[in-house]
Each structure stands twice: as C-alpha cells, then as structure tokens.
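Listed here are the chains, written in short residue letters.
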Amino acid sequence: MHRLAALALLAALIDAGCGGGAEPTTTSRVPPVTSTTVAAATTAASSPTTTTVATTSTTTTSTTTTTTTTISMGVTVCPLPVALPEGTLVFAGGSGDFDGDGTSDDLLTYQVAADNWRLRVIFADGGGADATIEDVMDFAPPRPIGGFDIDGDGTAEAFLTVGAGASTTHVGIFDVAACVVTPVTVNGAHTVFPVGASVGAVSGLSCAGDGIVRRTFAQRTDETTFAGGYEDYTVTGSDLVSQQVVTDALTEEQAGVLGQFDCGGLTLP
C-alpha cells in the first residue's frame, strides 16, 4: 500500500515538471501612479509705479560719498543734495509746496564762487533739487522770495530776486518738476521781471494762479503823462508765451500803481 502511494506521488511530480497545466502568472503589487499638475507661479518683471506702504528711506554709504534716496508714498523720488561746505554764504527764508505733496518745502540761494550762485529746494521728505542762477546781477546777491503756483497744477514755482537797483528789484522764476529746477523763460529766452518805480519808468509783475502771468509797465512821455499798460503770458511747461500787449496813455497816478509785485502772499525781501 505504501509503495503504491509513493509511486503515485512520483508520477504527479514528473507530470508537473514536464509542462503540465497553465503557466504561472506574476501579479505586481505596485500602487497606481497619480498625475498632479501644479500651476507655476507668475512673477511680474516690472515694479509697481505707485507704492502704498509707509515712507521708506534707503541709504548707501561708501568711503567717500553718501547718497540718500527718499521715497514718499509714490509721489516724489528725489536725491538729497550734497551738503553745503562750512562757511558758504546762504540766503534762506523762502518756502512753498514745490513737489505737490501738500507740505511746505524750503527755498534758499547760496554762493559757490564770486560769480556763481545757485538755487536749492529742500523738500519736506528730505530730498531736494538744485540749479544754477544764470541771470544774477553783479551788485546784488540773489535771495529767495518763496513759492506760488502760477499755473494751477498743484505745484508751486520758485520766485527769487536776482538783483536790485536803486528803485527796482529784478525777479526770476524757476519751475520745479521731476527733481529738476529749470529757469522759467519768456518765449524761449532767459529773462527777469523788473519790479519798482523811478521818476521816469514803472514796472510790475502779477499772477493770479489762473495760468496767466502779467507784466505791467509805463514810461513817462511828458511831465504829466505816461504811456503804458500790460503784457499777458500763458504757461507752457517752463516757458511763458506772450499772448497780448495792451497800451494806453496813463496819468502819473495810474502809472504809479503798476509798479507792484502781486503773486499770492509773496513779498519782496
């Protein structure tokens, strides 16, 4: 009995080894792969033109130069002018809102050399702007008067004296924009406005803030009569463009009132 059972088992093993039955299969237990798409973050290449954060100051210092840039709520970005050397002759006292941020800025004139005077605007946020005064008269140093918005654009123009005589003060006007101070010209040419009166001539300057600058003038023609009137200019950038000239015969009393400086609350120093 035991011999027959052993023979039967041997026969079964031989049959399996000779290819009997189906091939064995292999089953992979690797979990399925899930594909996930992630959108790439987008970074703008340019910085925003207006900042809404608080005022930020960045200072870069080397061994010889210090440069400060003041950022004021995206309104004005101007460098701080170089400090004036000790002993520089300075005339201060003028002010106005030259950058349109609603705060008052300082205006001063200072001497670089015997024949070289400059105008400086110091903004309330710490920045500034600077320019050469080209029409200075030899016998009187330039002095700041202040700022007045002659064209109603929200920023004041800078007024200063550039000379004075026995009876006349000469007034220069400068435009302040984009951190640059530029002399205001008349029909493209540098000019100054005389203000005052003498025995034979009268001249004045007025601006009402409506974009019109008026030059008044009168010249004596005889003992009791003057010929005079006014010339109106409109503002185009930093240039005053003549629009009309009106003249008439004037009495001495009528001519006398023309020799005034009337631009806001500014007064001659």
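Scoring rules and cut-offs
- Residues numbered from 1 in each chain as written.
- Predicted model: local features only at pLDDT ≥ 70, side-chain atom pairs only at ≥ 80, totals over all residues.
- Heavy atoms only, no water.
- Helix = DSSP H or I, 4+ residues; strand = E, 2+ residues; numbered from the N terminus.
- Buried < 20%, exposed > 50% of the residue type's maximum accessible area, 1.4 Å probe, protein only.
- Contact = heavy atoms within 4.5 Å.
- Areas by Shrake-Rupley, 256 points an atom, 1.4 Å probe, with all protein chains shown as cover.
- pLDDT = per-residue confidence, 0-100.
- Salt bridge = Lys/Arg side-chain N within 4 Å of Asp/Glu carboxyl O.
- 1 Å grid on protein atoms, 1.4 Å probe; cavity = no way out; pocket = protein on both sides within 12 Å on 5 of 7 lines; lining within 4 Å.
- Points joined across faces, edges and corners; volume = space filled by probe spheres on them.
- Nonpolar A, V, L, I, M, F, W, Y, C, P; charged D, E, K, R; others polar.
- Disulfide = S-S within 2.5 Å.
- Pairing = 2+ DSSP bridges.
- Axes fitted to C-alpha atoms, helices over the stretch in contact; angles between N-to-C directions.
- Phe/Tyr/Trp six-rings, centres within 6.5 Å; stacked < 30°, edge-to-face > 60°.
- Lys NZ or Arg CZ within 6 Å of the ring centre and 35° of its normal.
- Polar contact = N/O pair within 3.5 Å; in protein donor to acceptor, adjacent residues only side chain to side chain.

J.: Can you walk me through the overall build of the protein chain in this structure?
T.: Counting its regular elements, the protein chain contains 2 helices and 19 strands. Within the protein chain, buried positions represent 32% of all 269 residues. By sequence separation, contacts in the protein chain at least 24 residues apart represent 45% of the contacts at least 6 residues apart. Accessible area for the protein chain stands at about 16200 Å²; split by element, carbon and sulfur atoms hold 56% of it.

J.: Any chance you could explain the confidence of the model for the protein chain here in plain terms?
T.: For residues with low pLDDT, the predicted coordinates do not support detailed interpretation. With 72% of its residues at a pLDDT of 70 or more, the protein chain shows a mean pLDDT of 78. At the low end of the mean pLDDT range in the protein chain sits strand β1 (residues 56-61), at 35; at the high end sits strand β8 (residues 143-148), at 98. Every residue in residues 1-74 scores below 50 in pLDDT, and together they form 38 contacts with partners more than four places removed in sequence or on other chains.

J.: Whenever I open this one, the pattern of salt bridges confuses me. Can you help?
T.: As a working rule, side chains carrying opposite charge can pair if their charged atoms are close by. Counted according to the given criterion, the structure contains 5 salt bridges. The salt bridge partner of Asp130 is Arg120, with a shortest N-O separation of 2.6 Å. Here Arg120 lies in strand β6 (residues 116-122) and Asp130 lies in strand β7 (residues 128-132), a separation of 10 residues in the sequence. Overall, the relative accessible area of 8% leaves Arg120 in the buried class. Via salt bridges that share partners, Arg118, Arg120 and Asp130 belong to a single interconnected network.

J.: Sorry, what's going on with empty space enclosed by the protein here?
T.: One water molecule sets the probe size; rolling that probe over the atoms shows where empty space is left. Across all of its chains, the model carries 1 cavity of 30 Å³ or more by this definition. In this structure, the largest cavity spans a volume of roughly 70 Å³. Counting residues per element, the lining of the largest cavity draws most heavily on strand β10 (residues 168-177), at 3 residues. In terms of residue class, the lining of the largest cavity is built from 7 nonpolar, 3 polar and 2 charged.

J.: Teacher, can you tell me more about the state of the cysteines here?
T.: In protein structure, a disulfide is the covalent linkage between the sulfur atoms of two cysteines. By the definition in use, this model includes 2 disulfides. Here Cys207 connects covalently by a disulfide to Cys263, the sulfurs 1.9 Å from one another. Measuring the twist about the S-S bond at about 130°, one finds the Cys207-Cys263 disulfide to be right-handed. Of this pair, Cys207 sits in strand β15 (residues 201-207) while Cys263 sits in strand β19 (residues 261-263), placing them 56 residues apart in sequence.

J.: What am I meant to see in the layout of surface pockets here?
T.: Volume-wise, the largest pocket comes out at about 170 Å³. Forming the boundary of the largest pocket are 14 residues, of which Ala114, Asp115, Trp117, Val136 and Asp138 lie nearest the centre. Grouping the constituent residues of the lining of the largest pocket by class yields 8 nonpolar, 3 polar and 3 charged.

J.: Would you explain the sheet that holds strand β5 (residues 105-113) in this entry?
T.: Pairing between the strands of a sheet is mediated by backbone hydrogen bonds and can be parallel or antiparallel. Across the sheet, 4 strands lie side by side as β4-β5-β6-β7; this open sheet has antiparallel pairing. The strands lining the two open edges of the sheet, one partner per strand, are β4 (90-96) and β7. Sheet twist, expressed as the mean angle between neighbouring strand axes with direction ignored, is 20°. Here 5 bridges tie β6 to β7, and the two strands are oriented antiparallel to one another. Within the sheet, the bridge partner assigned to Arg120 lies in β7 and is Asp130.

J.: What is the right way to read the packing of aromatic side chains from this model?
T.: The description of an aromatic ring pair rests on the distance of the ring centres and on the angle between the ring planes. Within the structure shown, the criterion is met by 3 aromatic pairs. Considering the side-chain rings of Phe193 and Tyr233, the 6.1 Å spacing of their centres and the 75° angle between planes classify their relative orientation as edge-to-face. One end of the pair, Phe193, is in strand β14 (residues 193-197); the other, Tyr233, is in strand β17 (residues 225-236), and 40 residues separate them in sequence. For Phe193, a relative accessible area of 4% gives the class buried. Given a relative accessible area of 4%, Tyr233 falls into the buried group. When the ring centre of Tyr230 is taken as origin, the NZ or CZ atom of Arg214, which lies over that ring, is 3.7 Å away.

J.: Explain the environment of Thr109 here, please?
T.: On the secondary structure map, Thr109 appears in strand β5. Classification of Thr109 as buried rests on a relative accessible area of 0%. Here the alpha-carbon distance between Thr109 and Thr132, two residues 23 residues apart in the chain, equals 9.6 Å. Not counting residues within four places of it along the chain, the set of residues in contact with Thr109 comprises Leu89, Val90, Phe91, Arg118, Leu119, Ile133, Pro142, Arg143, Pro144 and Leu160. In this structure the side chain of Thr109 is engaged in a polar contact, spanning 2.8 Å, whose partner is the backbone oxygen of Pro142.

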